[in-house]
Amino acid sequence: MKKLLSDLSPEELERLVAARGEPKYRAKQLMRHIVAYDSYSEYTDLPKKFIARLEEEYAERALTEKTRVTSSDGAVRYLFETVNGDLIEAVFLPHGYGNSVCVSCQVGCAMGCVFCASGHYGLKRNLSAGEILSQVLFIAREKKNDGGVRKVVMMGSGSPLANYDATLKFVSLLTSPSGLNIGMRSVSISTCGIPDKIDKLADDGFGGALSLSLHAPTDEKRKKIMRIANSYSVNSLISALRRFFDKTGRRVVIEYILIGGFNDTESDAEALKNLLKGLCCHINLIPLNPTDGCDLRPCSKKHAYEFCDRLTALGLSATVRRSMGSDVAGACGQLKNRTVEAQKKNDNEKIYRK
Ligand code: SAH
């Protein structure tokens, strides 16, 4: 399979051009084209011979668009095909204060949370840094005259901390001054929680935001909805977040899906208060979005706000997340590897039709 130029850091590009006997400034030229998500025909400031040799080894682009669906709220769910034919999804979220993109970091997901479509068929493979980055590059090119992309959240399919090296390289490429130059503070990683990887993230100097998919205040409840809860206790996760805050000084986000009658009672609020005591955090309440094959019940909007008020009254900082894209299956927990889905349903036609 051909390699990807978008996988290369500025230093790696310099080594590439040096190995081909080209002057150093070619690396910067290449970087500009990669960041603009150009096709080779647009690399007009580079020698034709150099491009021809490049083409033998490197794919033109990491992703091609298969289809897209636009939500009534303006969110766009893109289905991309990778060079080897896997399908992945990303979502564009328009905001007056700066557009954001939600990227996938794996084809499928191994975590198997019962409420989330991404892990429905397990994990196929990790995406490379360049494949993750190219989701943003593609959308930034599209939205160039529409405010571009200001914020990136790793909240699509896959578990960023289970694809640690690619995640870290992606963040470094994304925030590089010679890249899209997205502000580090505008990058969010969401994780179901792997304590030693949370520690590593802080030690490696990650300066973005960290969100933990907690979703239940006790191990007993969490085990009912998240397989990873059998490996790590909520206490070990919250301890890891405390260390993360101590090392980085960054307030963490606790994501908490609201499932009607399951985790939204007064005693759940009390348990959350005790668990999170003294942790500098903000709780993001997410009313459950429907996914195929999941019969958990969302709580009503009214109840979500009541639960939020209850947390606030207990001294916690909490808000209800405004969910976008749910009418096009582009909201939290609705992204997936639609290849498998298509094969299962034998309806490629419908899924690929533009
Ligand atoms: N893989 C990452 C990101 C997941 S998506 C992670 O595990 O954290 C972002 C948030 O949406 C996570 O907190 C995730 O648990 C949550 N989510 C998943 N399925 C959902 C659903 N059906 N409705 C609402 N939120 C969901």
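Preceding block: the structure.
Because the structure is predicted, anything quoted here is derived from the model rather than measured. (Residues numbered from 1 in each chain as written. Predicted model: local features only at pLDDT ≥ 70, side-chain atom pairs only at ≥ 80, totals over all residues. Heavy atoms only, no water.)

### Examining the nonpolar core
Counting 102 residues, the largest nonpolar core has Leu-5, Phe-170, Ile-254 and Leu-276 as its most contacted members. Considering every element that reaches this core, the biggest residue donor is helix H4 (residues 129–142), with 8 residues. Discounting chain neighbours no more than four positions away, the residues touching Ile-254 are Leu-212, Leu-214, Ile-238, Leu-241, Leu-276, Leu-279, Cys-281, His-282, Ile-283 and Asn-284. Ranked by size, the runner-up nonpolar core spans 7 residues in total, among them Ala-75, Cys-102, Val-153 and Met-324. (Core = buried A, V, L, I, M, F, W, Y, C linked by side-chain atoms within 4.5 Å. Buried < 20%, exposed > 50% of the residue type's maximum accessible area, 1.4 Å probe, protein only. Helix = DSSP H or I, 4+ residues; strand = E, 2+ residues; numbered from the N terminus. Contact = heavy atoms within 4.5 Å.)

### A closer look at the sheet that holds strand E7 (residues 151–154)
The strand order across the open sheet built from 10 strands is E1-E2-E3-E4-E7-E8-E9-E10-E11-E12, with neighbouring strands paired in mixed fashion. Of all strands in the sheet, those with a lone pairing partner are strand E1 (63–70) and strand E12 (318–320), marking the two edges. Taking the axes of each pair of neighbouring strands and ignoring which way they run, one obtains an average angle of 25 degrees across the sheet. Note: strand E4 (residues 100–102) against E7, 3 bridges, orientation parallel. From the neighbouring strand, Ser-100 faces E7, where its bridge partner is Lys-151. The strands touched by helix H8 (residues 234–248) are strand E9 (209–213) and strand E10 (252–258); relative to E9, the strand with the most contacts, the crossing angle is about 170 degrees. (Pairing = 2+ DSSP bridges. Axes fitted to C-alpha atoms, helices over the stretch in contact; angles between N-to-C directions.)

### Considerations on the site of the ligand
Taken together, 18 residues are adjacent to the ligand, and Gly-158, Ser-190, Ser-213, His-215 and Asn-289 come closest. Separating an oxygen atom of the ligand from a backbone N or O atom of Thr-191 is a distance of 3.3 Å. Between the ligand and the protein, one listed contact pairs an oxygen atom with a side-chain N or O atom of His-215 at 2.6 Å. For the ligand, whose free accessible area comes to 540 Å², the fraction covered by protein is 95%. Counting residues per element, the ones that place at least two in the shell around the ligand are strand E8 (187–191), E10 and strand E11 (281–287). (Near = heavy atom within 4 Å. Polar contact = N/O pair within 3.5 Å; in protein donor to acceptor, adjacent residues only side chain to side chain. Areas by Shrake-Rupley, 256 points an atom, 1.4 Å probe, with all protein chains shown as cover.)

### Regarding the environment of Ile-139
Along the chain, Ile-139 falls in helix H4. Spatially, the C-alpha atoms of Ile-139 and Leu-123 are 25 Å apart, while their sequence positions differ by 16 residues. When sequence neighbours within four positions are dropped, the list of residues in contact with Ile-139 reads Tyr-78, Phe-80, Ala-90, Phe-92, Val-101 and Val-149.

### Details of the packing of H4 against helix H5 (residues 164–175)
Axis separation between H4 and H5 bottoms out at 8 Å; the angle between their running directions is 45 degrees. Considering the angle they form, H4 stands oblique to H5. In the packing of H4 onto H5, the handedness of the crossing is right-handed. In contact with Ala-129, Ile-132, Leu-133 and Val-136 of H4, H5 contributes Ala-166, Lys-169, Phe-170, Leu-173 and Leu-174. For the contact of H4 with H5, the per-class residue count stands at 8 nonpolar, no polar and 1 charged. (Parallel < 35°, antiparallel > 145°, perpendicular 65-115°, else oblique. Left-handed = near helix turned anticlockwise from the far one by under 90°. Nonpolar A, V, L, I, M, F, W, Y, C, P; charged D, E, K, R; others polar.)

### With respect to empty space enclosed by the protein
Taken as a whole and judged by the stated rule, the model has 2 cavities of 30 Å³ or more. The volume enclosed by the largest cavity comes to roughly 100 Å³. Along its surface, the largest cavity is lined by 14 residues, and Leu-5, Ser-6, Ile-34, Glu-60 and Arg-61 are the ones closest to its centre. Put simply, the parts of the chain that give the lining of the largest cavity at least two residues each are helix H2 (25–35) and H4. Split by residue class, the lining of the largest cavity holds 8 nonpolar, 3 polar and 3 charged. Reported here for the second largest cavity is a volume of approximately 70 Å³. Together, Leu-5, Ser-6, Leu-8, Met-31, Ile-34, Val-35, Leu-133, Leu-137, Leu-173, Leu-174, Gly-179 and Leu-180 line the second largest cavity. Broken down by class, the residue content of the lining of the second largest cavity amounts to 10 nonpolar, 2 polar and no charged. (1 Å grid on protein atoms, 1.4 Å probe; cavity = no way out; pocket = protein on both sides within 12 Å on 5 of 7 lines; lining within 4 Å. Points joined across faces, edges and corners; volume = space filled by probe spheres on them.)

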